[in-house]
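The lines below spell out each chain.
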Amino acid sequence: MTGALHVLTDAAKLVWSSSRRLLLIRLALAAAAGAVPIGIAWSTKVVLDGIAPSTRGAAWTALRSVLVLALLGVLGVVLPRLVSYVDRQLMRVVGLEVRSRLYAAVAGMKGLTRLENPQFNDRLRLATDLGPTGPSQLVGSCLSVVQSGLTIGGFIGALLYLNPWMVLVVALAAVPTVRAEIGLARRRAGTMWELSAANRRELFYADLLTSLTAAKELRLFGLGNLFGTRMLTELRRINDGSRRMDLRELASQGLLAVLGAVVAGAGLVWAVLAARAGALTVGDVAIFVAAVNGVQAGLSAAISSVARAHESTLTFDHVRYVVRTAAEPPSPTQPHRPAATSRLAPLRHGIELRDVWFRYRDGLPWVLLGVDLFLPAGRSTALVGINGAGKSTLVKLLCGLYEPTRGSIHWDGSDLRELPVDEVRRRIGAVFQDFMEYELTAAESIGLGDLTRWGDRHQIEAAARRAGCHDMVAALPSGYDTMLTRIYTDLADRNDPGTGVVLSGGQSQRIALARALLRQDCDLLILDEPSAGLDAAAEYEVHRRLRDHSRDKTSLLISHRLSAVRDADTIVVLREGTVVEQGAHDQLLAAGGPYAELFTLQAAGYRTEPSDLTGVV
């Protein structure tokens, strides 16, 4: 109960801060809508009593009541539409505010651990899908309860005036209704949570079937039926769960409707008999019938509103959970990372990894096992090793996307966890192996690398030249203003959808490289397989440009192609999460260790012995 009250309080504060004017209007409409049915019932009584033969002296009163009744009838028709309109406006305004807070919290997450947690992902999906409507629905449901309460209170007063025992009968009949509706609300929310994983899988398969990226393999390998079948299987599972919930609602609400009809029928029999005995007037009978029906309808509406409020509480609680837990708390053994209050001084000494151990979750294998490594400032370091050696994981640790499970990373002697993470990242430029392809213009895609230079076309073109893609971009239909997608068009392309283009993998990689090189004043340049999608000539050109650009800068190059790393000041060989050797290219070749083996193996692929050419024309 206390938790639900906290959720309601947070929702009310959020709605109030989003639009207090709309909230006050909604409150006034709730009060008016709750009073109108009572006014209609009493006006009807006065009209009926005024036209009865024994009460002709009250004709003038009846006429005035007719006018009041007509006005209340208009209000009875208009008010629900006004309430619906205000609710929709409130939902839009509040939904915008909720999404703003929700996505700001997710974007502000310093690492990736939470996003990789399945439970967090389920709650995040529910928060993004249903959470934005939760606060307005919760507050609206509570106001509907207030509205129903006013109606119920007025009609109970009428029943107390006519027959106090009927109040007890109606109240007793409402008890099972309350219990059933609250139970249904809990089951509905529970069903939603149980089906969240199936919903996520169904969306995954549906996205695969419509994805342009996946289209080639789906068609080549004939995967459409496989993923389509899996999607339908998950959809049937979701439908079965929803159908079971619908059957529970049908059974419960059907029985409750029968019970309500029995109570109303019994009350009507009593009222007719009392009127024949002269104990009630025709108007009394009318208001009695209206009161019984009004109390039942009001209770049903109030209970439904409570059920919706309960459901909205659960959905909005997912938003509160995501916002509250988005910032990953440090473990008790790790220092708390401070906020960015001052600029980080340029790197002078270097970056040092001290006995760094890391695994993605407890119980999973170690990815890094006691890595000791020093990246000297102003020097180039290359990291090589077979797949799974831990190279990309090490890059993620340097970028602050994860923290070491054990050990520490030091930036000029300061523990990386004690430095403002945003400031550390501001000093890093990177091209990741799984780089992003943004559906933006070419200039915007490059400009994302440094938002301080977002609109500086000169700097953007300079970065493209350093990455070797200026001529390619300039040759596009609209040059740097060309949309790098065919999915949708921007204002500049609206009249000519053909101007949108889809780049090749190598071209997109050069755009990603230009994005990283736009950040010229970074202290550490990380290049994770920056030329993996390029041909030999393009690879040579890119690495030549990178050598010129990163001269006298701190850089970390990761590549499977050892020809690309031979000019690095230091080459570090990583195997199964440990550093097995490091040194300059010539030193490592002379040592005859793992690096020499890898280099010799790759070099052999480029040598052709005369005997291999036998029979070749």
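Predicted model only: the values in this text are computed from it and were never measured.

Here is what the cut-offs are and how they apply
Residues numbered from 1 in each chain as written. Predicted model: local features only at pLDDT ≥ 70, side-chain atom pairs only at ≥ 80, totals over all residues. Heavy atoms only, no water. Helix = DSSP H or I, 4+ residues; strand = E, 2+ residues; numbered from the N terminus. Contact = heavy atoms within 4.5 Å. Areas by Shrake-Rupley, 256 points an atom, 1.4 Å probe, with all protein chains shown as cover. Buried < 20%, exposed > 50% of the residue type's maximum accessible area, 1.4 Å probe, protein only. Axes fitted to C-alpha atoms, helices over the stretch in contact; angles between N-to-C directions. Parallel < 35°, antiparallel > 145°, perpendicular 65-115°, else oblique. Left-handed = near helix turned anticlockwise from the far one by under 90°. Nonpolar A, V, L, I, M, F, W, Y, C, P; charged D, E, K, R; others polar. Phe/Tyr/Trp six-rings, centres within 6.5 Å; stacked < 30°, edge-to-face > 60°. Lys NZ or Arg CZ within 6 Å of the ring centre and 35° of its normal. Salt bridge = Lys/Arg side-chain N within 4 Å of Asp/Glu carboxyl O. Pairing = 2+ DSSP bridges. Core = buried A, V, L, I, M, F, W, Y, C linked by side-chain atoms within 4.5 Å. pLDDT = per-residue confidence, 0-100.

1. Let's talk about the overall build of the protein
Moving on, step 1. Within the protein, the regular secondary structure consists of 19 helices and 10 strands.
Moving on, step 2. Taking the intrachain contacts of the protein between residues at least 6 apart in sequence as the baseline, contacts between residues at least 24 apart amount to 75%.
Moving on, step 3. When the accessible surface of the protein is summed, it comes to about 32100 Å², and 59% of that surface belongs to carbon and sulfur atoms.

2. Observations concerning unusual backbone geometry
Moving on, step 1. A positive phi angle, near 50°, is found at Asp355, a position not held by glycine.
Moving on, step 2. Under the relative-accessibility criterion, Asp355 is labelled partly exposed at 40%.

3. A closer look at the packing of helix α4 (residues 118-129) against helix α10 (residues 282-325)
Moving on, step 1. It is at 8 Å that the axes of α4 and α10 come closest, and there the two elements cross at 125°. Of the possible angle classes, the one that applies to α4 and α10 is oblique. In this structure, the crossing between α4 and α10 has a hand that is left-handed. Contact residues: α4 offers Phe120, Arg123, Leu124, Leu126 and Ala127, while α10 offers Asp317, His318, Val319, Tyr321, Val322 and Thr325.
Moving on, step 2. Classifying every residue of the contact of α4 with α10 by side-chain character gives seven nonpolar, two polar and two charged.

4. Looking at helix α19 (residues 594-604)
Moving on, step 1. Residues Pro594, Tyr595, Ala596, Phe599 and Ala603 constitute the buried set of α19.
Moving on, step 2. Contacts from the buried residues of α19 go to β3 (380-384), β9 (570-575), β10 (578-583) and α18 (585-591).

5. Observations concerning the packing of aromatic side chains
Moving on, step 1. Applying the stated rule across the entire model yields eight aromatic pairs.
Moving on, step 2. Pairing Phe358 with Tyr360 gives two aromatic rings, centres 4.9 Å apart and planes at 85°, and the pair type is edge-to-face.
Moving on, step 3. Members of the aromatic cluster, connected to one another through ring pairs, are Phe204, Tyr205 and Phe227.
Moving on, step 4. Here Arg123 stacks its cationic end above the ring of Tyr321, 4.0 Å away from the centre of that ring.
Moving on, step 5. We note Arg406 situated over the ring of Trp357; from NZ or CZ to the ring centre the distance is 5.3 Å.

6. Things to note about the packing of helix α14 (residues 457-467) against helix α16 (residues 505-517)
Moving on, step 1. At a minimum axis distance of 8 Å, the contact between α14 and α16 shows a crossing angle of 120°. Taken together, the axes of α14 and α16 are oblique relative to one another. Pair α14 / α16 crosses with right-handed handedness. In this structure, α14 contributes Ala463, Ala464, Arg466 and Ala467 to the contact, and α16 contributes Arg510, Leu513, Ala514 and Leu517.

7. Topic: the environment of Gly157
Moving on, step 1. Looking at where Gly157 falls in the secondary structure, it is placed in helix α5 (residues 134-162).
Moving on, step 2. In this structure Gly157 comes out as partly exposed when scored by relative accessible area, which is 36%.
Moving on, step 3. On a C-alpha basis, the gap between Gly157 and Val167 in space is 9.1 Å, while along the polypeptide they are 10 residues apart.

8. Focus on the pattern of salt bridges
Moving on, step 1. Enumeration according to the criterion identifies 16 salt bridges in this entry.
Moving on, step 2. With its nearest N and O atoms 2.7 Å apart, the salt bridge here joins Asp10 to Arg320. With Asp10 in helix α1 (residues 2-18) and Arg320 in helix α10, the pair connects residues that are 310 residues apart, well separated along the chain.
Moving on, step 3. Arg427 serves as the salt-bridge partner of Asp523, at 2.6 Å between the closest nitrogen and oxygen. On the criterion of sequence distance, the pair formed by Asp523 in the loop between α16 and β7 (524-528) and Arg427 in the loop between α12 (421-426) and β6 (428-431) is long-range, its members being 96 residues apart.

9. What to know about the sheet that holds β3
Moving on, step 1. Spatially, β6-β7-β8-β3-β9-β10 is the arrangement adopted by the six strands of the open sheet, whose pairing is mixed. One side of each edge strand has no neighbouring strand; the edge strands of this open sheet are β6 and β10. Going from strand to strand, the sheet's axes swing by 15° on average, the running direction of each strand aside.
Moving on, step 2. The sheet contact formed by β3 and strand β8 (residues 554-558) spans four bridges and is parallel. Note on β8: the bridge partner recorded for Thr381 is Leu556.
Moving on, step 3. Each of β3, β6, β7, β8 and β9 is contacted by helix α11 (residues 391-398), which is oriented at about 150° to β8, the strand it contacts most.

10. Considering the sheet that holds strand β2 (residues 368-376)
Moving on, step 1. Reading across from one edge, β2-β1-β4-β5 is the order of the four strands in this open sheet, with antiparallel pairing throughout. Whereas interior strands pair on both sides, the edge strands pair on one side only; in this sheet they are β2 and β5 (414-415).
Moving on, step 2. For strand β1 (residues 350-358) and β2, the ladder comprises six bridges, and the chain directions are antiparallel. Counterpart to Ile351 in the pairing with β2 is Leu375.

11. Things to note about the nonpolar core
Moving on, step 1. With 37 residues, the main nonpolar core has Ile446, Cys469, Val473, Leu513, Val565, Ile571 and Tyr595 as its most contacted residues.
Moving on, step 2. Looking at which element gives the most residues to this core, the answer is α16, with five residues.
Moving on, step 3. Counting residues in hydrophobic clusters, the runner-up holds 32 residues, among them Leu22, Leu29, Leu90 and Leu124.

12. Topic: the pairing of β7
Moving on, step 1. The element β7 is extensively covered by neighbouring structure, given that five of its five residues are classed as buried.
Moving on, step 2. Here β7 shows two buried faces, one formed by Leu524, Ile526 and Asp528 and the other by Leu525 and Leu527.
Moving on, step 3. Relative to β7, β6 runs parallel, the two being bridged by four bridges. In the strand pairing of β7, Gly429 is matched with Leu525.
Moving on, step 4. Across five bridges, β7 lies against β8 in parallel orientation. Across the sheet, Leu525 pairs through a bridge with Ser555, a residue of β8.

13. Considering the confidence of the model for the protein
Detailed reading of the predicted coordinates is not advisable wherever pLDDT falls low.
Moving on, step 1. Across the protein, pLDDT averages 80, with 86% of residues at or above 70.
Moving on, step 2. Counting contacts from residues 330-334, a segment whose pLDDT is below 50, to residues more than four positions away or on other chains yields five contacts.
Moving on, step 3. Taken together, the stretch residues 610-617 has pLDDT below 50 and engages in one contact with residues farther than four places along the chain or on a different chain.

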